[in-house]
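Working through the structure, step by step
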Amino acid sequence: MYLSFYSQILNKDIKEEKVEIERLVFHGSASYPGSIGQSCTSMDICGYRLMFDCGNEFQREGEAGGVGEEPDLALLEDGKLIDGLVISHFHNDHMGASPILEHKGLLHPNAKVFMGPQTAAIMPWNFQDALLHGAKYHALDAIGILERRFVIPEPGEIEILPGLKAFFPQMGHAPGNCGMATHTSNGRVGGFTSDMSF
């Protein structure tokens, strides 16, 4: 449904290639009632492991300043590395913990970090601020993520990994915010919306 909707908006045909979602894990706030932030989901699909967002939890009122807790990445420590990371937008609850993946060695050496141009431009400033306020990673980890940036220049479909195409729609909420969708083998659409507003 969403691919059809966005296809009409963009006047582009979206190829309905079917892929299998083998595993879907919520590492952040979706798993913890009362948590705000920590947007982080991994998906094993078509033999690859993708992650959508990797953000920190927001600090709660009355807590000391600094960087919020990172998502629970324990389920990623099964030996399978992340082949691609999609960052929806530049807010810290969606991208602030991504250098932790570099720090823990959870990214495949060739993994790219996909994002819109606005997020790519603002990301270094977010990491610099986090490093000044108690980030649980080092500057080299942040540099590692920055060197992996792959800018999605406009909404549309791209092949993010060999044989795996994804559609990236605009989601509103923040400049450059994107979602991601791909067809699954059972004819459904698998994907992520991030924060959105229309």
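Notes on the structure follow. What you are looking at is a predicted structure, and each value in this text was computed from that prediction instead of being measured.

Summed over all chains, the structure comprises 2 aromatic pairs. Measuring from ring centre to ring centre gives 5.2 Å for Phe 114 and Phe 150, while their planes differ by 65°; the resulting arrangement is edge-to-face. Of the two residues, Phe 114 sits in strand E5 (residues 107–115) while Phe 150 sits in strand E6 (residues 149–151), which places them 36 residues apart along the sequence. Take Phe 150: its relative accessible area is 32%, and that puts it in the partly exposed class. Relative to Tyr 137, the ring of Phe 127 lies with its centre 6.2 Å away and its plane at 75°, an arrangement referred to as edge-to-face. One end of the pair, Phe 127, is in helix H4 (residues 117–132); the other, Tyr 137, is in the loop between H4 and helix H5 (139–147), with 10 residues separating them in the sequence. Assessed through its relative accessible area of 1%, Phe 127 is described here as buried.

Right, let's get into the nonpolar core. If you look at the biggest cluster of nonpolar residues, it comprises 28 residues, and the most contacted ones within it are Met 51, Leu 73, Leu 101, Met 123 and Phe 127. If you list the elements that add at least two residues to this core, you get strand E3 (48–54), strand E4 (82–86), helix H3 (98–103), E5, H4 and H5. Every residue in contact with Leu 73, bar those within four places of it in the chain, is listed here: His 27, Cys 40, Met 51, Ile 100, Leu 101 and Leu 106. Listed in part, the 16 residues of the second largest apolar core include Leu 50, Phe 52, Leu 161 and Cys 178.

Turning next to the pairing of E3. E3 sits mainly inside the fold: 7 of its 7 residues count as buried. Bridging between strand E2 (residues 40–45) and E3 involves 6 bridges; their strand directions are antiparallel. Of the residues in E3, the one forming a bridge with Ser 42 is Met 51. Linkage of E2 to E3, two consecutive antiparallel strands, is achieved through a turn of 2 residues, within which Cys 46 is found at a positive phi near 60°. Direction of pairing for E3 relative to E4: parallel, over a ladder of 3 bridges. Opposite Phe 52, over in E4, you have Val 86 as the bridge partner.

So, about the packing of H4 against H5. As a packed pair, H4 and H5 sit with axes 10 Å apart at the nearest point and diverge in direction by 165°. Relative to H5, the element H4 is oriented roughly antiparallel. The crossing of H4 and H5 is right-handed. Contacts between H4 and H5 pair Met 123, Pro 124, Phe 127 and Leu 131 from the former with Ala 139, Ala 142, Ile 145 and Leu 146 from the latter. Its residues placed into classes, the contact of H4 with H5 shows 8 nonpolar, no polar and no charged.

This part covers the pairing of E5. Sheet analysis places E4 next to E5, joined by 4 bridges and oriented parallel. Across the sheet, Ile 82 pairs through a bridge with Leu 107, a residue of E5. Here E5 pairs with E6 via 3 bridges, running parallel. The residue of E6 that forms the bridge with Phe 114 is Phe 150.

A word on the pattern of salt bridges. This model, assessed by the stated rule, comprises 5 salt bridges. The closest approach of N and O atoms between Arg 49 and Asp 44, which form a salt bridge, is 2.7 Å. Close ionic contact of Arg 148 with Glu 102 constitutes a salt bridge, the shortest N to O distance being 2.9 Å. Taken as a pair, Arg 148 in the loop between H5 and E6 and Glu 102 in helix H3 lie far apart in primary sequence, 46 residues in all. Arg 148 gets classed as buried once you look at its relative accessible area, which sits at 13%. Taken together, the salt bridges that share partners define one network made up of Arg 23, Asp 44, Arg 49 and Asp 78.

Rules of the game
Residues numbered from 1 in each chain as written. Predicted model: local features only at pLDDT ≥ 70, side-chain atom pairs only at ≥ 80, totals over all residues. Heavy atoms only, no water. Phe/Tyr/Trp six-rings, centres within 6.5 Å; stacked < 30°, edge-to-face > 60°. Helix = DSSP H or I, 4+ residues; strand = E, 2+ residues; numbered from the N terminus. Buried < 20%, exposed > 50% of the residue type's maximum accessible area, 1.4 Å probe, protein only. Core = buried A, V, L, I, M, F, W, Y, C linked by side-chain atoms within 4.5 Å. Contact = heavy atoms within 4.5 Å. Pairing = 2+ DSSP bridges. Axes fitted to C-alpha atoms, helices over the stretch in contact; angles between N-to-C directions. Parallel < 35°, antiparallel > 145°, perpendicular 65-115°, else oblique. Left-handed = near helix turned anticlockwise from the far one by under 90°. Nonpolar A, V, L, I, M, F, W, Y, C, P; charged D, E, K, R; others polar. Salt bridge = Lys/Arg side-chain N within 4 Å of Asp/Glu carboxyl O.

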